[in-house]
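Spelled out, the chains give:
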Amino acid sequence: MEKARQSATPPEELARRVIKLHKATLPIDVVEIARAYAEVRFVPLPKTIDGMVSHKTRAEKPKIIVNKTAPESRQRFTVAHELGHILIPWHAGISVDTFEGTLAGGEPVGSDDETEANRFAAELLLPSQHVRAALRKTSLPSAILELRSKAKVSLAVACLATIINSQRAQLIVLINGASEVIGSYKTADAWISRPAIGTKLTNPQSLFPLFEPEVRVARASAYEDAQIIYSWTFDTDMIWKSARRSGDWRSTLAAIAQDTATDADTKAALKASFAGMSGSANNLIQRASLSLKKRFELLLHRAISNETVARMAHHASFPTLLAQRARSLRPRRPAVSSKQVQEF
């Protein structure tokens, strides 16, 4: 199965072929398409089950069962997801699905089969060409809202489709009225960690110092409460350009700690944490030949992920501190394989 998966047509391409074959346009009539391949039935199911599919043999017509008590947008995704199980060649058997976890994150959890079926469904309901066109002309949160309306999909599916098609390092977080994270999606090259579902975020703007989020309110629909969309684009080039390279990093660190903390112990802790963080990064730098900008990016990634150091990241001189420290960390050993430094 694994060998077949690696050499096969990607799920997105299969979805595009289905769209072309059926000459489908937005909003995709996914039920009509599915009925060309399977018997589709809508019945009451337990709340925790969105749907199921049975396709044991080629001789038996597949059956898609959908929970009719679920919101319409969720039923549409269920049909598309189960159709993916039918059309992806190695997805044979019986599958019972719930998407509560997989649609809450941009890196869907579960088996490879479930991830592939999600990718097929996202492409079928929201074809890449439409997603990329929306992303070219407007901001990420605005594109999500536009696509949700045009494709008649849930906010979660619109987020998943946009993050799959994004060409930049980005993160999307959905917050409900209680300031809880109910959706969290990131691109593969976004080097931050996604906030966990259920996390309380009273001030999301401060989540990633140096990077300001774009914010939009998603009005309540018939099936979804009003939500706030936060999106971050992690443009390290912008931070790099704002940094002054020359100067002594220790002096800059002392000045930032002085402005950030009010007591001597906290100032000392800030300076010690930064020194420890950058010293740890130096171990990697000494094993590899990294350019000054790469050393800067390495320190930036680690600084944002360090709770104590991140307290100083709001300071205007913080990019300069990183650049100065990066300049002081010069590799002394011969270069090693770039594969060893792809992951920071």
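Residues numbered from 1 in each chain as written. Predicted model: local features only at pLDDT ≥ 70, side-chain atom pairs only at ≥ 80, totals over all residues. Heavy atoms only, no water.

## A short note on the pattern of salt bridges
When their charged atoms lie close together, side chains carrying opposite charge are able to pair.
Logical step 1: Tallying each qualifying case throughout the model produces eleven salt bridges.
Logical step 2: A salt bridge links R16 to E13, with the shortest nitrogen-to-oxygen separation between them at 3.3 Å. Of this pair, R16 and E13 both sit in helix α2 (residues 11-22), three residues apart, which is roughly one turn of the helix.
Logical step 3: The residue K63 makes a salt bridge to E60 at a minimum N-O spacing of 3.9 Å.
Logical step 4: Look at K63 and you get partly exposed, because its relative accessible area is 32%.
Logical step 5: Each of the salt bridges in this network shares a partner with another, and the network as a whole consists of E13, R16, R17 and E123. (Salt bridge = Lys/Arg side-chain N within 4 Å of Asp/Glu carboxyl O. Helix = DSSP H or I, 4+ residues; strand = E, 2+ residues; numbered from the N terminus. Buried < 20%, exposed > 50% of the residue type's maximum accessible area, 1.4 Å probe, protein only.)

## Side note on the sheet that holds strand β5 (residues 170-175)
Logical step 1: The strand order across the open sheet formed by four strands is β6-β5-β8-β7, and the pairing between neighbours is antiparallel. Edge strands, defined here as strands with exactly one partner in the open sheet, are β6 (181-186) and β7 (214-218). Across the sheet, the mean angle separating the axes of adjacent strands is 15° when strand polarity is ignored.
Logical step 2: The strands that helix α8 (residues 155-165) touches are β5, β6, β7 and β8 (227-233); relative to β5, the one it contacts most, it runs at about 175°. (Pairing = 2+ DSSP bridges. Axes fitted to C-alpha atoms, helices over the stretch in contact; angles between N-to-C directions. Contact = heavy atoms within 4.5 Å.)

## Topic: empty space enclosed by the protein
Logical step 1: The tally for this structure, following the rule as stated, stands at one cavity of 30 Å³ or more.
Logical step 2: Put simply, the largest cavity is a space of about 50 Å³.
Logical step 3: What lines the largest cavity is E12, R119, A122, E123, L126, S128, A161, I164 and N165.
Logical step 4: Taken together, the residues of the lining of the largest cavity sort by class into four nonpolar, two polar and three charged. (1 Å grid on protein atoms, 1.4 Å probe; cavity = no way out; pocket = protein on both sides within 12 Å on 5 of 7 lines; lining within 4 Å. Points joined across faces, edges and corners; volume = space filled by probe spheres on them. Nonpolar A, V, L, I, M, F, W, Y, C, P; charged D, E, K, R; others polar.)

## What about the side chain of Q227?
Logical step 1: Structurally, Q227 can be placed in strand β8.
Logical step 2: Taking the relative accessible area as the measure of exposure, Q227 reaches 9% and is therefore buried.
Logical step 3: Apart from the residues lying within four places of it in its own chain, the contact partners of Q227 are L155, L174, I175, I182, R216, V217 and A218.

## Thoughts on helix α10 (residues 249-260)
The periodicity of an α-helix, 3.6 residues per turn, causes residues three or four positions apart to be oriented the same way.
Logical step 1: For α10, with twelve residues, the first-to-last C-alpha span of 16 Å sits near the 16 Å given by 1.5 Å per residue.
Logical step 2: Considered for burial, the residues of α10 that qualify are W249, T252, L253, I256 and A257. Here the buried residues of α10 occupy an arc of 135° about the axis, which is enough to place them on one side. Across from the buried face of α10, at angles greater than 90 degrees, the exposed residues are R250 and D259.
Logical step 3: Where α10 is buried, its residues meet α11 (264-285) and α14 (318-328). (Expected span 1.5 Å × (residues − 1). Arc of directions from axis to C-beta.)

## Re the nonpolar core
Logical step 1: With 49 residues, the main nonpolar core has I64, L124, L126, I144, I172, Y185 and I229 as its most contacted residues.
Logical step 2: Sort the elements by how many residues they give to this core and α8 lands first, with eight residues.
Logical step 3: Not counting chain neighbours up to four residues away, the residues in contact with I64 comprise A34, A38, E39, V40, R41, M52, V53, V79, E82, L83 and I86.
Logical step 4: Core analysis: the next-biggest nonpolar cluster, separate from the first, contains 44 residues, F234, A257, M312 and L322 among them. (Core = buried A, V, L, I, M, F, W, Y, C linked by side-chain atoms within 4.5 Å.)

## A word on the pairing of β5
Logical step 1: Within β5, six of the six residues are buried, which leaves it mostly tucked inside the rest of the structure.
Logical step 2: In this structure, β5 lies alongside β8, joined through six bridges in antiparallel fashion. Each bridged residue has a counterpart across the sheet, and for I172 the counterpart in β8 is S231.
Logical step 3: Alignment of β5 against β6, held across five bridges, turns out to be antiparallel. By the bridge assignment, V173 is partnered in β6 with S184.

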